[in-house]
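# Structure at a glance
The chain contents come next:
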Amino acid sequence: MKVDLIIHNARQLVTCASNGKAKKGNQMQELGIIKNGAVAVENGLVKAVGTSEEVLATYEAENVIDAQQKVVMPAFVDPHTHIIYAGNRLNEFELKIKGADYLEILANGGGILSTVKHTRQATKQELVSQTLKRLDKMLAHGTATAEIKTGYGLDEATEFKMMDVWEELDSQHPIYTVPTFLAAHAVPPEFKNNPGEYVDLICQKMLPDLFKWRRYGYIDEDRMDFDYKSSKPFFVDVFCEKNAFSLEQTRQILETAKENYFALKAHV
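Quick look at the structure, then.

Rules used in this analysis
- Residues numbered from 1 in each chain as written.
- Predicted model: local features only at pLDDT ≥ 70, side-chain atom pairs only at ≥ 80, totals over all residues.
- Heavy atoms only, no water.
- Helix = DSSP H or I, 4+ residues; strand = E, 2+ residues; numbered from the N terminus.
- Contact = heavy atoms within 4.5 Å.
- Pairing = 2+ DSSP bridges.
- Axes fitted to C-alpha atoms, helices over the stretch in contact; angles between N-to-C directions.
- Core = buried A, V, L, I, M, F, W, Y, C linked by side-chain atoms within 4.5 Å.
- Buried < 20%, exposed > 50% of the residue type's maximum accessible area, 1.4 Å probe, protein only.

To continue, consider the environment of valine 128. Structurally, the position occupied by valine 128 is in helix H5 (residues 124–140). Remark: the alpha-carbon pair of valine 128 and tryptophan 166, spanning 38 residues in sequence, is separated by 8.0 Å. The contact partners of valine 128, leaving out residues within four places of it in the chain, are Val165, Glu168, Leu169 and Gln172.

Hydrogen bonding along the main chain pairs the strands of a sheet, whether they run parallel or antiparallel. Strand order across the open sheet formed by five strands is S6-S7-S8-S9-S10, with parallel pairing between neighbours. Looking along the sheet, the strands with just one partner apiece sit at the ends: strand S6 (76–78) and strand S10 (263–264). Relative to strand S7 (residues 143–149), S6 runs parallel, the two being bridged by three bridges. Within the sheet, the bridge partner assigned to valine 77 lies in S7 and is threonine 145. On top of the sheet, helix H8 (residues 247–259) reaches strand S8 (176–184), strand S9 (235–238) and S10; it is set at about 175 degrees to S9, its chief contact.

Attention shifts here to the nonpolar core. With 48 residues, the main nonpolar core has Phe181, Leu210 and Ile253 as its most contacted residues. Where this core is concerned, the elements lending two or more residues are helix H4 (112–121), H5, S7, helix H6 (156–172), S8, helix H7 (195–217), S9 and H8. Considering each element in turn, this core owes the most residues, nine residues, to H7. Here phenylalanine 181 is in contact with Thr150, Glu159, Phe160, Met163, Met206, Leu207, Leu210, Phe235, Val236 and Asp237, once residues within four sequence places are set aside.

Moving on, we get to unusual backbone geometry. Even without being glycine, asparagine 36 reaches a positive phi, approximately 50 degrees. Along the chain, asparagine 36 falls in strand S2 (residues 33–42). The backbone of asparagine 243 sits at a positive phi, close to 70 degrees, despite the residue not being glycine. Secondary-structure assignment places asparagine 243 in the loop between S9 and H8. In this structure asparagine 243 comes out as partly exposed when scored by relative accessible area, which is 43%.

Any functional reading would require information beyond the geometric quantities listed.
Structure, rendered in structure tokens:
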């Protein structure tokens, strides 16, 4: 039987097979390893797995890769990243070692707010250049799909600058990326005394503008079709936590996001 690709002679083929059901508890230890394994691929989908002898006896392909006794396994999917940013927070490691917790650092202007300052100042191309290097490192360690959040702008201009950075990364890098809009990552300094006004800004201005950006500004038919009701997920996220956003504010943002046809996430 003809297929597009065969990879054979794997010392171990890690299938992670689960019969279509999520694994729980001790099942997580069962990796579905096939020794001297092979995989047949057709139209980008796994057609069959088995020993090299079994697969080669049943399938043939012009593109055949000898794994040379290496391990063959699925690539990693990273569902939570904040890799578009500028600056660093190395000084905070020392604070954490001394016992400071994250919310204490955030309350004193560190954490998210420290990175926001540097990200606002960075140009789009600076952010693209820095993030491409991070994606290269992720790919080298086996990640092939990654979510990328905004959230280090906390104003419309920088949040949409980060979306533009994501769009460019998505077109340039082989890692398949999925966007998450996280303007509700923290209350920005300019709204410190009136966080509700910032929530209103997100709901009344940013999310409707994001809908327009998604519908008319992002053009990549391979990644996202233009039927916004059925397109691939494009998420809106909220950090629901002390010193961040309350439950009621979180509900307000997520309900507005849902009205604008975004998929939902929440840090809680």
